[in-house]
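Observations on chain architecture
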Amino acid sequence: MIPSQAEIVIVGGGAVGCAVAYQLAKLGKRDVLLLEKSGLTQGSTWHAAGLIGQLRSSRNLTRMMQTSAKLYAALEKETGQATGWRGVGSLRVAASQERWLEIKRMATTAKSFGFELHLVSLAEARKLFPPLNPNGIVGAALVPSDGYVNPADVTQALAKGARNGGVKIREGVCVTGILRDGRRVTGVETDQGAINCDVLVNCAGMWGCEIAAMAGVKLAAGAVEHQYLITDKIGGLPPDLPTFRDPDGRFYVKPEVGGLAFGGWEDNTKPFGKGGIRKDWGAELLQPDFDRFEALATQAQHRIPALQTAGVKTLINGPIPISADGEPVMGLSPGFDNFYIACGFTSGIAAAGGAGLAMARWIVEGDPGMNLWAFDVLRFGDYHAAPEVLYPRAIEAYANYYTVAWPSHEQHAARGGRRSPLYDTLKRAGAVYGQKFGWERANWFGLPGGEAADKPSFIRPNWFDAVGAEHRAVRERAAMFDMTSFSKVEISGPGVASALQRLCCNDMERPPGTVIYTQMLNERGGIEADVTVTRLEHDLYYFVTGSAFGVHDRAHLARYLPRDGSVAVRDVTSSRAVIGLYGPRARDVLQQATGDAVDNDSFPYMRARQIRVGQAPVLALRVTYVGELGWELHVPMEYAQHVCETLWAEGAKHGLANAGYRAISSLRLEKQYLYWGADLSPDYTPLEAGLSFCVAWKKNADFVGRAALEKQKRWGVKQKLCWFSLPGEKPVHGGEAILSGGKAIGLVTSAGYGYSVGKSILCGYLTPEHWSASNFEIEAFGEHHAATRHDKALYDPERKKILA
């Protein structure tokens, strides 16, 4: 018999589902029911390789993996259930100079948040991993705390720990439907009856998108084939052999019962279950594909010669979950208040323990305890869930698992789906496109006679001079940006002003025609969104946020806006193009293109007006993210090309140029303008980020996060964003370590070159004991650079340019 009621129902009995159940029990939740359609571990967990690698691209993602490793090391003692945990460390080698730079960058990032990683010599690498062929290896790195587990055993241990904490686990129960009432799930239907619940957690792995679809949610997650080979016993292997990764060879290795197991991330893996996966699929495997595995085997045999003569025990080919960008999909599902997602884990064993804790906190405390934007379900939209996007992107992400993590890397699969009306015009002008949330966006423009394609580099990319020319055009003349991909929302109704007063920390009760820069916060005061909101009419506001943040920010709005019909939200992203016009000659260009007055008295900074450019009706917002006089011109899509042509006709004599998003990155750093997802996140408050001017303490309204900010104001902040510069051009991209007295004291959140000031500019959060220091250095790729700290922007600190 299954219960008819549970406070929390978890669907899926793999490593992630059992970890969520375990961590919920640790947080005191007893009325938890886990449902598994077949048996625990069946699906993809049971045939996983089981490597536990912890270092990721950010502090928080690394913390999540560290939680897993620490849990697995202690779980057998706690539960009495074997886990197969071996904390033997991991060795990673570089077989190219580019890879060695990447590893040195990883070492610097690890240093910035106190993670133990050692660069080791070839002799040390050979001693650590005796089967290694060192030919062609440039360098190596050791993570002593990595290891591996038996995936099935560790999952059973998690399940036992959950049961010990009061969790009920029912195997052989298939969920067939989800019951809902508005924004709330009220229960699930199963093949053995209905179960009511207060919270539903989708941990269904490969079936995650099918479970989500039962609630009308389109999930950008599926499955692909993954192979690894297990050898017969190989003589002479030491018992404490670490796991091994050769990312240039695209393969990994772990000890396996006297032999080795090795697999990797090849091109053109096959999608699995594209048309749906059998519900009775259990502990099954796919037919091995030796032809597809051959290239990986060749690389592995070169690097580990013992594999050339080792017998083959088996080649395992099993389906594994994957998302549209290769990262997990976690969090509160859009459109719901109690339906959580934890799916798409390609490295589910390594992530499960930490992901389980983050999900348990999300469910119990309303917050995962750290910024997990890189994994958040809200980073995806309907676009990513389309099979024509999901599977090509997933296969590309799979193949790129060990690709060098170049700065400004762009995906290439499933491109061209969302295009601005200016796409072809800018392409003919030499635009080199990237993509954001499916939108094609001009990153930069090739110089006459120069290249018009990205060539990645850690040191000096091929677009450096072209972006510099665009940067200088903005600073010296005028430039036009296609910003159509901005997410744009109209919020209206008789209750809109009071609702936004509660949601936003700035004062939203401004006169119509006012542009307001504000943040939306969580209860801890952390920044959930960084937006501009324009009051168009008494009961109509126009909300503009970043291209990739629309789903996230609308979900935050929906969570807090009243549900009595007094406020309506309408996404107008696809109906309006946006053209940015910036530079000291921007007013000259715009004034000649319109009959409306745009002088400073008629059209001051942070104001909005309806004007006409040529034949087109335009909502002009005088606001800037580049630090120059200028406007965002919001235009009905059908007029966008006409507005572009009109501005070009009038702008030629003023030296008007095209510019792209990489120029914006450089321009905003010179002005100390911030980017959500790097400099701003739920981990940081406005007071810590230097945005106190956006907090309207005196407004006659409470707002979400106010109590936390008042506490910070009273007792002081425990960290704050600090700005630095390095002389000349240095290879800094974000993720570098901030040093003082030779000790790592912080992590760089944003970095780049400021072409106007001739300096490399960086920022990062420091704790109070370091605010008055003067001996700062930045470590980049293992080299130390003396840094100067700045309180004010390096360019136009008095804001004379934008107020002109």
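All values derive from a computational prediction rather than experimental measurement. (Residues numbered from 1 in each chain as written. Predicted model: local features only at pLDDT ≥ 70, side-chain atom pairs only at ≥ 80, totals over all residues. Heavy atoms only, no water.)

**A few points about the nonpolar core**
Using the following cut-off: Here, the term nonpolar core denotes a set of buried Ala, Val, Leu, Ile, Met, Phe, Trp, Tyr and Cys residues that are joined through side-chain atoms within 4.5 Å. Partly exposed describes any residue whose relative accessible area lies between the buried limit of under 20% and the exposed limit of over 50%, with all areas from a 1.4 Å probe on protein chains only and scaled to the type maximum. Two residues qualify as a contact provided that any one of their heavy atoms is within 4.5 Å of a heavy atom in the partner residue.
The biggest cluster of nonpolar side chains holds 66 residues, and the ones touching the most others in it are Val9, Leu200 and Phe339. Setting aside chain neighbours within four positions, we find valine 9 in contact with Leu33, Leu35, Val188, Ile195, Cys197, Val199, Leu200 and Val201. Of all hydrophobic cores here, the second largest spans 51 residues; its members include Cys18, Ala19, Val32 and Cys203.

**Topic: the state of the cysteines**
Let me state the cut-off plainly: Note that a disulfide, as used here, is simply two cysteine sulfur atoms within 2.5 Å.
This model, assessed by the stated rule, comprises zero disulfides. A disulfide-free cysteine, cysteine 18 has its sulfur positioned 9.1 Å from the sulfur of cysteine 203, the nearest such atom. The buried category is assigned to cysteine 18, whose relative accessible area is 1%. Cysteine 505 takes part in no disulfide bond, and the closest cysteine sulfur to it belongs to cysteine 694, at a distance of 6.1 Å.

**Details of unusual backbone geometry**
Operational definition: Numbering goes from the N terminus for both helices and strands, where a helix is a DSSP run of H or I of at least four residues and a strand is a run of E of at least two.
At threonine 41, a position not held by glycine, the phi torsion is positive, near 80 degrees. With respect to the helices and strands, the residue threonine 41 is situated in the loop between β2 (32–36) and β3 (51–52). Judged by its relative accessible area of 7%, threonine 41 falls in the buried class. The phi torsion at glutamine 672 lies on the positive side, around 60 degrees, for a residue other than glycine.

**Some thoughts on helix α12 (residues 464–476)**
Basically, it comes down to this: In this scheme, a helix's expected span is set at 1.5 Å multiplied by one less than its residue total.
For α12, spanning 13 residues, the distance from its first C-alpha to its last is 18 Å, which sits close to the expected 18 Å at 1.5 Å a residue. Along α12, the residues classified as buried are Phe464, Ala466, Val467, Gly468, Glu470, His471, Ala473, Val474 and Arg475. On its buried face, α12 is in contact with β21 (439–445), β22 (478–482), β28 (576–582), β32 (656–658), α17 (661–670) and β35 (743–754).

**Comments concerning the packing of helix α1 (residues 15–26) against helix α8 (residues 348–365)**
What counts is decided by this rule: Axes here mean lines fitted to C-alpha atoms, for a helix over just the part in contact, with angles spanning 0 to 180 degrees between N-to-C directions. Roughly parallel covers angles under 35 degrees, roughly antiparallel covers those over 145, roughly perpendicular covers 65 to 115, and oblique covers all other angles. Crossing handedness: left-handed means the near helix sits turned counterclockwise from the far one by under a right angle, and right-handed means the same turn made clockwise.
At a minimum axis distance of 7 Å, the contact between α1 and α8 shows a crossing angle of 45 degrees. Of the possible angle classes, the one that applies to α1 and α8 is oblique. Handedness of the α1/α8 crossing: right-handed. Taken together, the residues of α8 that come into contact with α1 (itself represented by Ala15, Val16, Ala19, Val20, Gln23 and Leu24) are Gly348, Ile349, Ala352, Gly353, Gly356, Leu357, Met359, Ala360, Ile363 and Val364.

**Here's the deal with the pairing of strand β34 (residues 737–740)**
Applicable threshold: Between any two strands, pairing holds if DSSP finds at least two bridges.
Residues of β34 alternate between two faces, with Ala737 and Leu739 on one and Ile738 and Ser740 on the opposite face, all of them buried. Pairing of β34 with β35 involves four bridges; the strand directions are antiparallel. Paired with alanine 737 across the two strands is leucine 747, which belongs to β35. Between the antiparallel neighbours β34 and β35 lie two residues, among them glycine 741 with a positive phi of about 60 degrees. In terms of strand pairing, β34 meets strand β37 (residues 776–780) through four bridges, oriented antiparallel. Across the sheet, the residue bridging to serine 740 is phenylalanine 776, located in β37.

**Considerations on the sheet that holds β34**
With respect to topology, six strands assemble into a closed barrel ordered β33-β36-β35-β34-β37-β38, the strand pairing being antiparallel. Each neighbouring strand pair of the sheet contributes to a mean axis angle of 45 degrees, computed without reference to strand direction. Sheet topology note: the strand β33 (residues 720–727)/strand β36 (residues 759–766) ladder contains eight bridges and is antiparallel. Counterpart to leucine 726 in the pairing with β36 is serine 760.

**Side note on the side chain of arginine 99**
Considering the arrangement of structural elements, one finds arginine 99 in helix α3 (residues 97–112). Taking the relative accessible area as the measure of exposure, arginine 99 reaches 4% and is therefore buried. Excluding anything up to four places from it in sequence, arginine 99 contacts Val93, Ala94, Pro247, Asp248, Tyr402, Thr403 and Val404.

**Considering helix α7 (residues 290–303)**
Heads up, the condition is: At every residue, the bend is computed as the angle between two fitted axes, covering the seven residues ending there and the seven beginning there respectively.
End to end, α7 covers 19 Å across 14 residues, agreeing with the expected 20 Å (1.5 Å per residue, within 8%). Of all bends in α7, the biggest is about 30 degrees, found at leucine 296. All buried positions along α7 are accounted for by Arg292, Phe293, Leu296, Ala297, Ala300 and Arg303.

**Side note on the side chain of histidine 471**
For clarity, the threshold we go by: What qualifies as a polar contact is a pair of N or O atoms within 3.5 Å, subject to a donor-acceptor requirement within protein and to the restriction that residues adjacent in sequence count only when both atoms come from side chains.
By secondary structure assignment, the location of histidine 471 is in helix α12. By relative accessible area, which is 0% here, histidine 471 ends up buried. Here the side chain of histidine 471 touches serine 756 through a polar contact of 2.7 Å, side chain to side chain. Apart from residues lying up to four places away in sequence, histidine 471 is in contact with Ala663, Ser666, Leu667, Glu670, Tyr755 and Ser756.

**Focus on the sheet that holds strand β27 (residues 568–571)**
One open sheet holds the five strands; their spatial order is β24-β25-β26-β23-β27, and the pairing between them is antiparallel. Where the open sheet ends on each side, the last strands, each with one partner, are β24 (514–521) and β27. Neighbour-to-neighbour, the strand axes of this sheet turn through a mean angle of 30 degrees, independent of strand direction. Summarising the sheet, strand β23 (residues 487–492) and β27 pair through four bridges and their orientation is antiparallel. Paired with serine 492 across the strands is alanine 568, a residue of β27. Lying over the sheet, helix α14 (residues 550–560) contacts β23, β24, β25 (527–537), β26 (540–545) and β27, oriented at roughly 75 degrees with respect to β25.

**A few points about the packing of aromatic side chains**
Both the distance between ring centres and the angle between the ring planes are used here to describe each pair of aromatic rings. This is how it is decided: The rule is short: rings of Phe, Tyr and Trp, with Trp giving its six-membered ring, pair when the centres are within 6.5 Å, and they are stacked under 30 degrees, edge-to-face over 60, tilted in between. Any Lys NZ or Arg CZ found within 6 Å of a ring centre and within 35 degrees of that ring's normal is scored as a charge over the ring.
Per the stated rule, a full pass over the model turns up 26 aromatic pairs. For the ring pair phenylalanine 262 and phenylalanine 293, a centre distance of 5.6 Å and an interplane angle of 40 degrees mean the geometry is tilted. Here phenylalanine 262 is found in strand β15 (residues 259–264), whereas its partner phenylalanine 293 is found in helix α7, with 31 residues between them in sequence. Each member of the pair, phenylalanine 262 together with phenylalanine 293, is buried. Three or more aromatic residues joined by ring pairs form one cluster here, namely Tyr252, Trp265, Tyr398, Tyr401 and Tyr402. In this structure, lysine 37 is placed above the aromatic ring of tryptophan 207, and the distance from its NZ or CZ to the ring centre is 4.1 Å. Here the basic side chain of lysine 713 rests over the ring of tryptophan 697, its NZ or CZ set 4.3 Å away from the ring centre.

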